[in-house]
Amino acid sequence: MSEARLVRLRPAVQHYEWGGTEALPALLGVDNPEKRPFAEIWFGAHPKAPSIAETPRGGVPLDGLIAQDPEAWLGGAVLRRFGPSLPFLLKALDARKMLSIQVHPAREQAREGFERENSMGIPIHAPHRNYRDRNHKPEVHAAQSEFWMLHGFRPMEEIAAWLDVTPEARAVMPDFRQRLREAGAGRQRRSLLLRELYTHFMHLPQERADELLDELLGRLEKAAPWPTDAPEHWALRAAREFPLPGGRRDRGIFSVFLLNLVRLEPGQGTFQPAGVLHAYLQGTTVELMANSDNVLRGGLTPKHVDVAELLRVVRFDDSPCEVLQGEPQADGERVYRTPAEDFELSCFKLAGRAAAREARGPEILLVTEGAVSVAASGGGLQLNRGQALFLGAGVRYELSAADRAVVWRAKAGLAV
Ligand SMILES: [Zn+2]
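What counts, and at which threshold
Residues numbered from 1 in each chain as written. Predicted model: local features only at pLDDT ≥ 70, side-chain atom pairs only at ≥ 80, totals over all residues. Helix = DSSP H or I, 4+ residues; strand = E, 2+ residues; numbered from the N terminus. Rg over C-alpha atoms; globule rule 2.2 N^0.38 Å. Buried ≥ 20, exposed ≤ 12 C-beta atoms within 10 Å, placed from the backbone. Contact = placed C-beta atoms within 7 Å. Expected span 1.5 Å × (residues − 1). Pairing = 2+ DSSP bridges. Axes fitted to C-alpha atoms, helices over the stretch in contact; angles between N-to-C directions. Core = buried A, V, L, I, M, F, W, Y, C linked by C-beta atoms within 7 Å. Domains from an automatic or database assignment. Nonpolar A, V, L, I, M, F, W, Y, C, P; charged D, E, K, R; others polar.

Here we take up the overall build of the protein. Within the protein one finds 13 helices and 23 strands. Here the C-alpha radius of gyration of the protein, 23 Å, is about what a compact globule of 416 residues would show, namely 22 Å. Taking the principal axes of the C-alpha coordinates as reference, the protein spans close to 70 × 50 × 45 Å. Evaluated residue by residue, the protein yields a buried proportion of 45% over its 416 residues. Taking contacts inside the protein between residues at least 6 apart in sequence as the whole, the part at least 24 apart equals 73%.

Encoded structure:
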């Protein structure tokens, strides 16, 4: 096995303005005296911001390195299934401000939408373009701190209870509770009713949305402060963080009450399949996704919201959010199991012990705590906190740590 099949990665940093100023600089071990926001660091081969692979001949963008010999880096199974590029993108993310409410398309929707927008002549980087590539973008993540997010529609009985005590929202669909009762347990009827309610909120004339939200937020403000586990807390915060020009209100604030408000402990995670509305509200997390940039926004954003397209992609199912704990494996590894073939996220907790694995396809290892020795067929090296390694298909490796260390492992999800 040649040494070239195992390279250190220098990540691409994204300084979006919602990012925190401390967590990611601390992870990377860099100073941040100007307090620039560090929102995301990307480990992967996304052409928009590839990581730099540190090869013996110098730094090479990872997408370029893989393109030189896709079969060797990706292995035959991943190459045949996903084509000649890395199927996943690993990120560390730190949300100081709330992120937009969003949903990602299924693969067929992405392909169809991408072709449609091409045929309409919409430039690929136009702000009103929805589909920037042909791929779906399922995501899994595992919190690194206490983490707050919105994930999927709340059970409709909870939504009905909220409408009961919220005249400003009940005005949008006064007969919701009665129709929920009539729908009974019928899945399709419930789903259509939920679609109708959400569509009413998203289609409100702007003046009406402003009027209702002014009243609602004014009332909530008088009763403040609200505890962090109350949607009211986040609705008020959203109103402060997303003022629209001219004193208008962001209708995404209604969605804060329509979606499950989820609090994760460090190590807990969630999966965002196609069609599930979600928003990261606060905290740091490690996230793994399919290699795509396709996002449809549903509020809490100054960016383009295409309501018609959003309504085509959102799945109108209600249920409590499923929290992933990670399934324990041998050698202190925990796997965050999802149905996605593009990726699988897992985490090793090593303390005075070793774990041996074979990279059957491409893998990325990222150390978030402690220091780890990696012994591989092509040579050995040490990874410190914040450092990452890219492994080509077929590399056998052993991880060991004298003290407590945490290593995140990203690989393809399909059985290879
Ligand atoms: Zn997302």
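Attention now goes to helix α9 (residues 187–203). Over its 17 residues, α9 runs 24 Å from end to end, which matches the ideal 24 Å to within 8%, given 1.5 Å per residue. Turning to α9, the residues buried within the fold contact β9 (147–153), α6 (156–164), α8 (176–183), α12 (252–258) and α13 (307–313).

Let us now look at the sheet that holds strand β22 (residues 396–400). Spatial strand order, β17-β22-β19-β20: four strands in an open sheet with antiparallel pairing. Only two strands of the sheet have a single partner each, and these edge strands are β17 (354–358) and β20 (379–383). Looking at each pair of strands side by side, their axes are set apart by 20° on average, direction ignored. Note that β17 and β22 share five bridges and pair antiparallel. The residue of β22 that forms the bridge with R357 is Y397.

Counting 115 residues, the largest nonpolar core has F88 and V407 as the members making the most contacts within it. Among the elements that make up this core, the one with the highest residue count is strand β12 (residues 278–290) (seven residues). For this core, the domains that each give at least three residues are domain 1 (7–143) and domain 2 (327–411). Those residues in contact with F88 that lie beyond four places of it in its chain are G44, L288, M289, A290, N291, D342, F343, A410 and A412.

By the criterion of burial, strand β8 (residues 139–143) is predominantly enclosed, with five of the five residues buried. Burial along β8 is two-sided: the residues E139, H141 and A143 and V140 and A142 are all buried. Relative to β12, β8 runs antiparallel, the two being bridged by five bridges. For A143, the partnering residue across the bridge sits in β12 and is T285.

Right, let's talk about the environment of R177 for a bit. With respect to the helices and strands, R177 occurs in helix α8. Among the residues examined, R177 registers 17 C-beta atoms within 10 Å and is labelled partly exposed. Contacts of R177, omitting those with residues within four sequence positions, involve A160, L163 and D164.

The domain boundaries assigned to the protein delineate domain 1 (7–143) and domain 2 (327–411). Using only C-alpha atoms to locate each centre, domain 1 and domain 2 end up separated by 20 Å. With 24 residues of domain 1 at the contact, the number on the domain 2 side is 23 residues. Secondary-structure elements contributing two or more residues to the side of domain 1 that touches domain 2 are β1 (6–10), α1 (23–28), α3 (70–74), α4 (76–82), β6 (88–95) and β8. Of the residues belonging to the side of domain 1 that touches domain 2, the class tally is 21 nonpolar, two polar and one charged.

Attention shifts here to the environment of A371. Within the element layout of this structure, A371 appears in the loop between β18 (363–369) and β19 (372–376). Each C-alpha atom, one on A371 and one on R357, is 18 Å from the other, the two residues being 14 residues apart in sequence. Setting aside chain neighbours within four positions, we find A371 in contact with Q382, L383, N384, R385, A401 and A405.

This part covers the pairing of strand β3 (residues 40–43). Side chains E40 and W42 of β3 all project onto a buried face; the interleaved residues I41 and F43 project onto the opposite face, where all are buried too. As judged from the three bridges shared by strand β2 (residues 12–14) and β3, these two strands associate in the antiparallel manner. What sits directly across from Q14, in β3, is E40. Sheet topology places β3 next to β6; four bridges connect them, and they run antiparallel. Of the residues in β6, the one forming a bridge with E40 is L93.

In space, the nine strands of this open sheet follow the order β5-β4-β1-β21-β18-β23-β16-β15-β14, with antiparallel pairing throughout. Unpaired on one side and paired on the other, β5 (58–61) and β14 (327–328) mark the two borders of the sheet.

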